[in-house]
Amino acid sequence: QITLKESGPTLLKATQTLTLTCTFSGFSSTTSGVVVAWIRQPPGKALDWLAVLEWNDDVRYNPSLNNRLTITRDPSSNQVVLSLTNVDPMDTGTYYCAHRLLWRGMDVWGQGTTVTVSS
Amino acid sequence: DIQMTQSPSTLSASVGDRVTITCRASDSVSGRTYNWLAWYQQTPGKPPKLLINQASSLETGVPSRFSGSGSGTEFTLTISSLQPDDFATYYCQQYKTYPWTFGQGTKVEIK
């Protein structure tokens, strides 16, 4: 059974760096075709894709975040870490990590973690 | 970026109604073999749930009243007979090219 769980700070101040950890089980992030994605959702708004880490170490970021994102893997602990620099109140929302395999959509999501950025 | 536009934004319906949601992409999200389009359902306070892959492939465990169709730039999600658990917000998402993009969501409300 695949599970993912997000963790990190709930409250930050503007200009700080947000670091979120996705701890997963039931799969290996280095298995061919596996992708771990990060998505966020501002309060009352739509889903917004942030970044992915592919099984072969390829990374992709949403260009709208202006190079503020970094995604890395810690295979020894089954974790994927997302960092977002220079946060702003507009970065407030719920952050999700999710699993995707091959041609499928994101089939398993974490419960989400809520982040509030104050000015 | 491929823009995804859903319509309507809000839909009021009754239990038992047939409901159709449309998703339009600004560029084709279909390849030679696959349609890179997924549908998700989200209820308040919960993560999205994948309903449909590849535009029309129902995820295991998803009730058969849900169906998806379309290719290229036009896709639909249909609920054949709306049930109480189906009142939720639905999102389409393309994953053909980066950045992956979602529609703005369609909220299905009780009439």
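Residues numbered from 1 in each chain as written. Chains lettered and ligands numbered in written order. Predicted model: local features only at pLDDT ≥ 70, side-chain atom pairs only at ≥ 80, totals over all residues. Heavy atoms only, no water.

A closer look at the state of the cysteines
Taken as a whole, this structure holds 2 disulfides over all chains when the rule is applied. Between the sulfur of Cys22(A) and that of Cys97(A) lies a disulfide, 2.2 Å long from S to S. With the S-S bond torsion at 75°, the cross-link from Cys22(A) to Cys97(A) turns out right-handed. Of this pair, Cys22(A) sits in strand E3 (residues 18-25) while Cys97(A) is found in strand E9 (residues 93-101), placing the two residues 75 residues apart along the sequence. Exposure class is identical for Cys22(A) and Cys97(A). Each is buried. Residue Cys23(B) pairs covalently with Cys92(B) via a disulfide, S to S 2.1 Å. Between Cys23(B) and Cys92(B), the disulfide has an S-S torsion of 75° and is therefore right-handed. Of this pair, Cys23(B) sits in strand E3 (residues 19-25) while Cys92(B) sits in strand E9 (residues 89-94), and the two are 69 residues apart along the sequence. (Disulfide = S-S within 2.5 Å. Helix = DSSP H or I, 4+ residues; strand = E, 2+ residues; numbered from the N terminus. Buried < 20%, exposed > 50% of the residue type's maximum accessible area, 1.4 Å probe, protein only.)

Structural notes on the sheet that holds strand E8 (residues 79-84) of chain A
Residue and element names in this part refer to chain A. As summarised here, the arrangement of the 4 strands in space is E1-E3-E8-E7, forming an open sheet in which the pairing is antiparallel. The open sheet terminates on both sides in strands that have one partner only, identified here as strand E1 (3-7) and strand E7 (69-74). Averaged over neighbouring strand pairs, the angle between their axes works out to 20° when direction is ignored. The sheet contact formed by E1 and E3 spans 5 bridges and is antiparallel. Paired with Thr3 across the strands is Ser25, a residue of E3. (Pairing = 2+ DSSP bridges. Axes fitted to C-alpha atoms, helices over the stretch in contact; angles between N-to-C directions.)

A closer look at the pairing of E3(B)
All names here are of chain B. In terms of burial, E3 is a largely internal element, 5 of the 7 residues being buried. Alignment of strand E1 (residues 4-7) against E3, held across 4 bridges, turns out to be antiparallel. Bridge pairing in E3 places Gln6 opposite Cys23. When E3 meets strand E8 (residues 74-79), the two strands line up antiparallel, connected through 6 bridges. Opposite Val19, over in E8, you have Ile79 as the bridge partner.

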